[in-house]
2 protein chains.
Amino acid sequence: MAPKKVTIIGSGNWGSAIARIVGSTTKAYPDLFDPEVRMWVFEEIVNGEKLSEVINTRHENIKYLPGKILPTNVVAVTDLVESCAGSNILVFVVPHQFVKGICEKLIGKIPSDSQAISLIKGIAFDAAQLEGVSTQKKGGLKLISEEIRDILKIEVSVLMGANLAPEVANDNFCEATIGSKRKAQDGPLLKKLFHTENFRINVVEDAHTVELCGALKNIVACAAGFTDGLGYGDNTKAAVIRLGLMETTKFVEHYYPGSNLQTFFESCGIADLITTCYGGRNRKVCEAFVKTGKPMDVIEKELLNGQSAQGPLTAEEVYLMTQKTGVDSKFPLFTAVHKICKGEMKPAELIDCLRNHPEHL
Amino acid sequence: MAPKKVTIIGSGNWGSAIARIVGSTTKAYPDLFDPEVRMWVFEEIVNGEKLSEVINTRHENIKYLPGKILPTNVVAVTDLVESCAGSNILVFVVPHQFVKGICEKLIGKIPSDSQAISLIKGIAFDAAQLEGVSTQKKGGLKLISEEIRDILKIEVSVLMGANLAPEVANDNFCEATIGSKRKAQDGPLLKKLFHTENFRINVVEDAHTVELCGALKNIVACAAGFTDGLGYGDNTKAAVIRLGLMETTKFVEHYYPGSNLQTFFESCGIADLITTCYGGRNRKVCEAFVKTGKPMDVIEKELLNGQSAQGPLTAEEVYLMTQKTGVDSKFPLFTAVHKICKGEMKPAELIDCLRNHPEHL
């Protein structure tokens, strides 16, 4: 078999960190991978220079991952279609609102036997788009992987885990989970593409669970941030994290029955949840929301330097779909996070919502 | 049925915190419980006063839980046998090395239909005592609950959870898990004895798992402390916590086959693990061990004000029993924690042991 061509679609903080890994593994296995890894870069002018040119000459993403050198075999390409032409493996790592537009531009422009792997943490809920029966039943819920698959008609796996990008870029030891429905067929190759000394991969078949863990943990991190802002200690925070995990398992089981409980023990599950609830930006923003009393969008602008917090958005989408499907009362923590973010409930009321959690009955 | 008499055996930090809860619930349910709760106090002179007399007059354990008022229906009794006479429910909350001696003194002195509930986090491994066949098979492993049951011939449940004592004493919202093999029979009463507005109880039948989670998490917290001391971030710490949890599930399954994976999602499982790995004393001691290079016993003296860290001791006991039963290679994290505590391995080697963890194969 010819070596596989790999394209990274996206060049933000996480995209650049993963490019360091994929650049090294593709060089390490020339029989398996074409060592030239193309990275689609949305062109920007940074300090008077084109970002793509800086990446291709100085091998550094000076805007989103300054100070870390990218492997020289990672090549920035600013034209999306050109970056993906002939590519066998598409690594999606862009903000989730861009996925649809990107996929539509790629229709007919990639080999029909390409496969994708999504590193995007979020869901593709679209209230205006309840046309499909399966989507209607789910109250509008659609996974990012399902969106890519539906538009491009290719197989889509996911990679999620306890992976704060700056620490991955720093080569700190960590783990990640690949969810691949064709585990036997695709798992070994995908593992080789991401598995390094310091980035340890497990592959599981239960891809829906892997992906939903990645999306829903941001809601739990908001709740954890609220408890930090309210001045609670480790006991309360652990209880909130646990109840958030229980709602995650219930949510997955409700919308994608047949999930494997074991998957929640992978890096994508408890490990990512812990990392996000202690070190992530959703926690930070929600702590500040309580402490300052400012609206969420103001806090995001002040703290996140142009990035947005996924948690409040995911909480809203989840609330809309659990309400539509009549199960919102089964998810008191998810619901409370949404209402608190919207200013419809006081942060201090979070604990009251949890006191009579279905888990305690 | 006559109201049940309750005795708390122990009056340290955790014993005093739990006395605040049990004092309030027994008052709230006079049909179920005798409102006088006796608390066995090992007499000490504190600032020239007898601790038991201070507790019975000023209702404060000035040595182990200063600043928090105990309910007036909690009565300190310095004679162990007298404190337990006629008692229907014995709440064990003493350092685990005292359990055997206490139980032996109580033989024949308590009603034969009494029951106990252990809040003690540790295991009762005794290398010199491999007489029983079932214990031999387990390499000397004996649970605290088994030790109490064997000596007193009474039913023993356990209570474990994400319960740092100072926060429980502060009435912060948290959860705990009761493991009771006679859940249908004893569960409802035990839940009433501990369940309050801010201390939320779930009861499960899988008592062995509940108890082993409580003991083994201290080893994992040592590993988490080492990563903190080594300067790693949230990704690495989450990976270490996850791998520690996986070893815990494997350990339980190896020595007590038939455990329920769901139990690890209770407060006794992931929640306690998180709390302990972020806020507990084992973490703190092990971080300082790496940063200062001093021996473990010196660090304990410096940091713990007379208390000891359970983690290094449990790691040693677990190492001895996994070695005896030939399965130590299945538990690389547990083994590494023991060797690092003993100075037989450098803390920095911890990550190397995890790189080829059985979980990654």
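Under an unreviewed UniProt entry, the name given to chain A is Glycerol-3-phosphate dehydrogenase [NAD(+)], and the source organism is Caenorhabditis bovis. The heading Sequence similarities (unreviewed entry) in the UniProt record of chain A holds the text "Belongs to the NAD-dependent glycerol-3-phosphate dehydrogenase family."

A. View of the overall build of chain A. When helices and strands are counted, chain A shows 16 helices and 10 strands. For 361 residues, the compact-globule estimate of 2.2 N^0.38 gives 21 Å, and the C-alpha radius of gyration of chain A, at 20 Å, lies within 12% of that figure. Projected onto its principal axes, the C-alpha coordinates of chain A cover approximately 60 × 45 × 40 Å. Within chain A, the proportion of its 361 residues that are buried is 63%. In chain A, 73% of the contacts between residues at least 6 apart in sequence involve partners at least 24 apart. When the accessible area of chain A is evaluated, it comes to approximately 13500 Å², of which 50% is carbon and sulfur surface.

B. Broad picture of the packing of aromatic side chains. Taken as a whole and judged by the stated rule, the model has 18 aromatic pairs over all chains. Arranged with centres 4.5 Å apart and planes meeting at 45°, the rings of Phe251(B) and Tyr255(B) form a pair that is tilted. Of the two residues, Phe251(B) and Tyr255(B) both sit in helix H10 (residues 234-255), 4 residues apart, roughly one turn of that helix. Every member of this aromatic cluster is reached through a ring pair, and the members are Phe251(A), Tyr255(A), Phe331(A) and Phe334(A). For the cation-ring pair, Lys192(A) lies above Tyr29(A), with the distance from its terminal atom to the ring centre recorded as 5.7 Å. One Lys or Arg, Lys237(B), reaches over the ring of Tyr278(B) and ends 3.8 Å from the middle of that ring.

C. Structural detail: the UniProt feature "domain: Glycerol-3-phosphate dehydrogenase NAD-dependent C-terminal" (unreviewed entry) in chain A. Look at the UniProt record and you will see "domain: Glycerol-3-phosphate dehydrogenase NAD-dependent C-terminal" (unreviewed entry) annotated at residues 206-351 of chain A. In this annotation, residues 206-351 of chain A is assigned 73% helix and 0% strand; the end-to-end C-alpha distance for the span is 32 Å.

D. Structural view of the UniProt feature "binding site: substrate" (unreviewed entry) in chain A. Residue and element names in this part refer to chain A. The UniProt record annotates "binding site: substrate" (unreviewed entry) at Lys121, Arg281 and Asn282. Maximum C-alpha separation among the annotated residues is 13.3 Å over a sequence range of 162 residues, consistent with a single clustered spot. By the element assignment, Lys121 lies in the loop between strand S7 (115-118) and helix H5 (133-137). The exposure class assigned to Lys121 is buried, which follows from its relative accessible area of 19%.

E. Summary view of the sheet that holds strand S10 (residues 199-204) of chain A. Residues and elements named next belong to chain A. In spatial order, the strands read S5-S2-S1-S6-S7-S8-S9-S10; together these 8 strands make up an open sheet with mixed pairing. Looking at the sheet topology across the chains shown, the edges are occupied by strand S5 (74-77) and S10. On average, each strand axis in the sheet is inclined to that of its neighbour by 25°, with strand direction left out of account. Two strands pair when backbone bridges link them, and strand S1 (residues 4-9) and strand S2 (residues 33-40) are joined in this way by 5 bridges, in the parallel orientation. Bridging across to S2, Thr7 finds its partner in Arg38. Its contacts with the sheet place helix H2 (residues 51-58) against S2 and S5, and it is angled at close to 160° to S5. Contacting strand S8 (155-160), strand S9 (174-179) and S10, helix H9 (residues 207-229) runs over the sheet at an angle of about 45° to S8.

F. Examining the packing of helix H11 (residues 267-279) of chain A against H10(B) more closely. For the pair H11(A) and H10(B), the least separation of the axes is 9 Å and the interaxial angle reads 140°. As the angle between them shows, H11(A) and H10(B) are arranged oblique. The element H11(A) and its partner H10(B) pack so that their crossing is right-handed. Residues Ser267(A), Ile270(A), Ala271(A), Ile274(A), Thr275(A), Tyr278(A) and Gly279(A) of H11(A) form the contact with H10(B), whose own contacting residues are Asp234(B), Asn235(B), Ala238(B), Ile241(B), Arg242(B) and Leu245(B).

G. Spotlight on the interface of chain B and chain A. The interface is formed by 45 residues belonging to chain B together with 44 residues belonging to chain A. Between chain B and chain A lies a buried interface of about 4100 Å² when both sides are counted; carbon and sulfur atoms form 57% of it. The interface formed by chain B and chain A includes 6 salt bridges. Between Glu266(A) and Arg242(B) there is a salt bridge; the shortest N-O distance is 3.8 Å. Joining chain B to chain A, the criterion identifies 26 residue pairs in polar contact (both at pLDDT 80 or more). The set of elements that each furnish at least two residues to the side of chain B that touches chain A consists of helix H7 (165-169), strand S9 (174-179), strand S10 (199-204), H10, helix H11 (267-279) and helix H16 (350-355) of chain B. If one sorts the elements of the side of chain B that touches chain A by residue count, H10(B) sits on top with 10 residues. Of the residues assigned to the side of chain B that touches chain A, the class counts are 22 nonpolar, 13 polar and 10 charged.

H. Main features of the pairing of S1(A). Residues and elements named next belong to chain A. Crossover S1 to S2 through helix H1 (residues 13-28) is right-handed. Relative to strand S6 (residues 89-92), S1 runs parallel, the two sharing 4 bridges. Opposite Val6, over in S6, you have Ile89 as the bridge partner.

I. Just the sheet that holds strand S2 (residues 33-40) of chain B, in detail. All names here are of chain B. If you walk across this open sheet you meet the 8 strands as S5-S2-S1-S6-S7-S8-S9-S10, and the pairing is mixed. On the outer flanks of this sheet lie strand S5 (74-77) and S10, each paired with one strand and no other. Ignoring strand direction, the axes of neighbouring strands in this sheet form an average angle of 25°. Note: strand S8 (residues 155-160) against S9, 3 bridges, orientation antiparallel. The partner of Met160 across the bridge, within S9, is Thr177.

J. Structural context of the nonpolar core. Within the largest apolar cluster, 114 residues are counted, with the highest numbers of intra-cluster contacts made by Phe226(A), Phe251(A), Phe226(B) and Phe251(B). Those residues within four positions of Phe251(A) in sequence are excluded, and the remaining contacts are Leu141(A), Leu212(A), Leu216(A), Tyr256(A), Val318(A), Met321(A), Thr322(A), Phe331(A) and Phe334(A).

Rules behind the numbers
Residues numbered from 1 in each chain as written. Chains lettered and ligands numbered in written order. Predicted model: local features only at pLDDT ≥ 70, side-chain atom pairs only at ≥ 80, totals over all residues. Heavy atoms only, no water. UniProt positions renumbered as here; feature names shortened; annotations may be inferred. Helix = DSSP H or I, 4+ residues; strand = E, 2+ residues; numbered from the N terminus. Rg over C-alpha atoms; globule rule 2.2 N^0.38 Å. Buried < 20%, exposed > 50% of the residue type's maximum accessible area, 1.4 Å probe, protein only. Contact = heavy atoms within 4.5 Å. Areas by Shrake-Rupley, 256 points an atom, 1.4 Å probe, with all protein chains shown as cover. Phe/Tyr/Trp six-rings, centres within 6.5 Å; stacked < 30°, edge-to-face > 60°. Lys NZ or Arg CZ within 6 Å of the ring centre and 35° of its normal. Pairing = 2+ DSSP bridges. Axes fitted to C-alpha atoms, helices over the stretch in contact; angles between N-to-C directions. Parallel < 35°, antiparallel > 145°, perpendicular 65-115°, else oblique. Left-handed = near helix turned anticlockwise from the far one by under 90°. Buried area = accessible area lost by both parts, 1.4 Å probe. Salt bridge = Lys/Arg side-chain N within 4 Å of Asp/Glu carboxyl O. Polar contact = N/O pair within 3.5 Å; in protein donor to acceptor, adjacent residues only side chain to side chain. Nonpolar A, V, L, I, M, F, W, Y, C, P; charged D, E, K, R; others polar. Right-handed = clockwise from strand over helix to strand, strands pointing away. Core = buried A, V, L, I, M, F, W, Y, C linked by side-chain atoms within 4.5 Å.

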